[in-house]
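Now for the letters of each chain:
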Protein chains: 2
Amino acid sequence: MKKNQRPLDQVDLQILSLLYEDASQSNKDIANKVGLAPSSCLERIKRLQADGVITGQRLSVDVNQLGGHIQAMISVRLSDHNRATVSQFQTDLLSLPEVMSIFHMGGENDFLLHVTVSDSAHLRDFVFNAITARKEVNHVETALVYDHQISSTVPSFG
Amino acid sequence: MKKNQRPLDQVDLQILSLLYEDASQSNKDIANKVGLAPSSCLERIKRLQADGVITGQRLSVDVNQLGGHIQAMISVRLSDHNRATVSQFQTDLLSLPEVMSIFHMGGENDFLLHVTVSDSAHLRDFVFNAITARKEVNHVETALVYDHQISSTVPSFG
DNA sequence: GTTGAAACAATGTGGCG
DNA sequence: CGCCACATTGTTTCAAC
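Residues numbered from 1 in each chain as written. Chains lettered and ligands numbered in written order. Predicted model: local features only at pLDDT ≥ 70, side-chain atom pairs only at ≥ 80, totals over all residues. Heavy atoms only, no water.

Residues and elements named next belong to chain A. Tallying each qualifying case throughout the model produces 14 salt bridges over all chains. Close ionic contact of arginine 44 with aspartate 9 constitutes a salt bridge, the shortest N to O distance being 3.0 Å. In this pair, arginine 44 is assigned in helix H3 (residues 38-50) and aspartate 9 in the segment before helix H1 (10-21), connecting sequence segments 35 residues apart. Given the relative accessible area of 17%, arginine 44 is considered buried. By relative accessible area, aspartate 9 is classed as partly exposed at 27%. A single salt-bridge network, built from bridges that share partners, covers Asp9, Asp12, Arg44 and Arg47. (Salt bridge = Lys/Arg side-chain N within 4 Å of Asp/Glu carboxyl O. Helix = DSSP H or I, 4+ residues; strand = E, 2+ residues; numbered from the N terminus. Buried < 20%, exposed > 50% of the residue type's maximum accessible area, 1.4 Å probe, protein only.)

Summed over the entire model, instances satisfying the criterion amount to three aromatic pairs over all chains. If you follow arginine 58 of chain A out to its NZ or CZ, it ends over the ring of tyrosine 20 of chain B, 5.6 Å from the centre. (Phe/Tyr/Trp six-rings, centres within 6.5 Å; stacked < 30°, edge-to-face > 60°. Lys NZ or Arg CZ within 6 Å of the ring centre and 35° of its normal.)

Right, let's get into the protein's contact with DNA strand C. Residues in contact with DNA strand C, as listed here, are Ser26, Asn27, Lys28, Ser39, Leu42 and Lys46 of chain A together with Leu36, Ala37, Ser39, Ser40 and Arg44 of chain B. Backbone atoms, meaning sugar and phosphate, make up 71% of the atoms of DNA strand C lying within 4 Å of the protein. Within the backbone of alanine 37 of chain B, an N or O atom sits 2.7 Å from a phosphate oxygen of DNA strand C. Contact distances for DNA strand C include 3.2 Å between a phosphate oxygen and a side-chain N or O atom of arginine 44 of chain B. Counting residues per element, the ones that place at least two in the surface near DNA strand C are helix H2 (27-34) and H3 of chain A together with helix H3 (38-50) of chain B. (Near = heavy atom within 4 Å. Polar contact = N/O pair within 3.5 Å; in protein donor to acceptor, adjacent residues only side chain to side chain.)

Here chain A is described as being made up of domain 1 (10-50) and domain 2 (63-145). If you average the C-alpha positions of domain 1 of chain A and of domain 2 of chain A, the two centres end up 37 Å apart. (Domains from an automatic or database assignment.)

Superposing chain A onto chain B takes a rotation of 180° plus a shift of 0.0 Å along the axis, which leaves an RMSD of 0.1 Å. Each copy turns onto its partner about a two-fold axis. Within chain A, arginine 58 of chain A has its C-alpha nearest the rotation axis, a separation of 2.5 Å. (Least-squares fit on C-alpha atoms with pLDDT ≥ 70 in both.)

Moving on, we get to the packing of H1 of chain A against H2 of chain A. Residue and element names in this part refer to chain A. For the pair H1 and H2, the least separation of the axes is 10 Å and the interaxial angle reads 130°. Taken together, the axis directions place H1 and H2 in an arrangement best described as oblique. Like other packed secondary-structure pairs, H1 and H2 cross with a definite hand, here right-handed. Counting all contacts with H1, which are made through Val11, Gln14, Ile15, Leu18 and Leu19, the residues of H2 involved are Ile30, Lys33 and Val34. A class-by-class count of the residues in the contact of H1 with H2 yields six nonpolar, one polar and one charged. (Axes fitted to C-alpha atoms, helices over the stretch in contact; angles between N-to-C directions. Parallel < 35°, antiparallel > 145°, perpendicular 65-115°, else oblique. Left-handed = near helix turned anticlockwise from the far one by under 90°. Contact = heavy atoms within 4.5 Å. Nonpolar A, V, L, I, M, F, W, Y, C, P; charged D, E, K, R; others polar.)

All names here are of chain B. Ile74, Val76, Leu93, Leu113, Phe126 and Ile131 are the most contacted members of the largest nonpolar core, which has 21 residues in total. Those elements that provide at least two residues to this core are strand S2 (70-78), helix H4 (83-94), strand S3 (99-105), strand S4 (111-117) and helix H5 (120-132). Residues within four places of leucine 93 in sequence aside, it is in contact with Val99, Ile102, Leu113, Phe126, Ala130, Ile131 and Arg134. (Core = buried A, V, L, I, M, F, W, Y, C linked by side-chain atoms within 4.5 Å.)

With that settled, consider the protein's contact with DNA strand D. The environment of DNA strand D is made up of 13 residues, and the closest members are Ala37 and Arg44 of chain A together with Asn27, Lys28 and Leu42 of chain B. Of what DNA strand D places within 4 Å of the protein, 81% of the atoms are sugar or phosphate. A distance of 3.0 Å is found between a base nitrogen of DNA strand D and a side-chain nitrogen or oxygen belonging to serine 39 of chain A. At a separation of 3.0 Å, a phosphate oxygen of DNA strand D approaches a polar side-chain atom of serine 40 of chain A. Elements supplying a minimum of two residues to the surface near DNA strand D: H3 of chain A together with helix H2 (27-34) and H3 of chain B. Partitioning the surface near DNA strand D into residue classes produces three nonpolar, six polar and four charged.

Here it is, written out as structure tokens:
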């Protein structure tokens, strides 16, 4: 939370919620839905961005159509938990085209890698080449992801 | 994959890749970067949407600023694997404000729930009220998520 | 695929409550 | 101080090529 930041009011939350459902709506549409003039609405959206509440806008794609026919969640344990090792692992893996997102975890697994690959041979190669080949990796477990659904409701409570 | 669909060429992939990095770029900017006239570029983007390669546009928000101070990954096993039971569980949970996304898994866990909560009391209450309270739930395990990083590179390989 | 005109949306300014 | 109306700028979109 930044300094000099007004707390979010109900209208801010309404704007966030609308944009979270569908970020492609125009400012004008949002303004209409929340009952503000477009300029006032835009002012609020800009403030939400400046305050870091809105951090960006991402495209949703159908990875299956891009050749990502299989999705998997790969649990990884490292043997070395230095900040440098952990952070290097994270950076290296995030840059690979197969890796869609990385969860840095507490608990017995250090990382969950959500990956997409073209087929099971690709999955096997990815696990061997990108993960078990690394010295700091201690344990790897792969589970298939049948389906990944993302909520279209913005988290908001208190 | 739909019928009547042209395979993606290099320019399509370039457009996808640019928009995947930052979906807030204007069509005009994308057109410039890929070396097309804005109208041709827009035509391609529209086609990618019509073909279902681009499925939407999502807002990235800082959940921490919305009161989501803790993120967790909750592994759930059900005792009953009927389609109806599984699908009801998925629908019910996805609509809760704490749940950001649901992975339907193969393997010993049926679901991974990526959730955000305000504090550890909230986490405990959520697990009890939304998960273990359900008859079909057999086993629950909760792990803290320190950090979740999403790739800004679109998955793409043959 | 391009160009250029018309339609529309985003943005900045100044005035009002 | 936040909101609105209006003027300006820029973007999208459509038709003709």
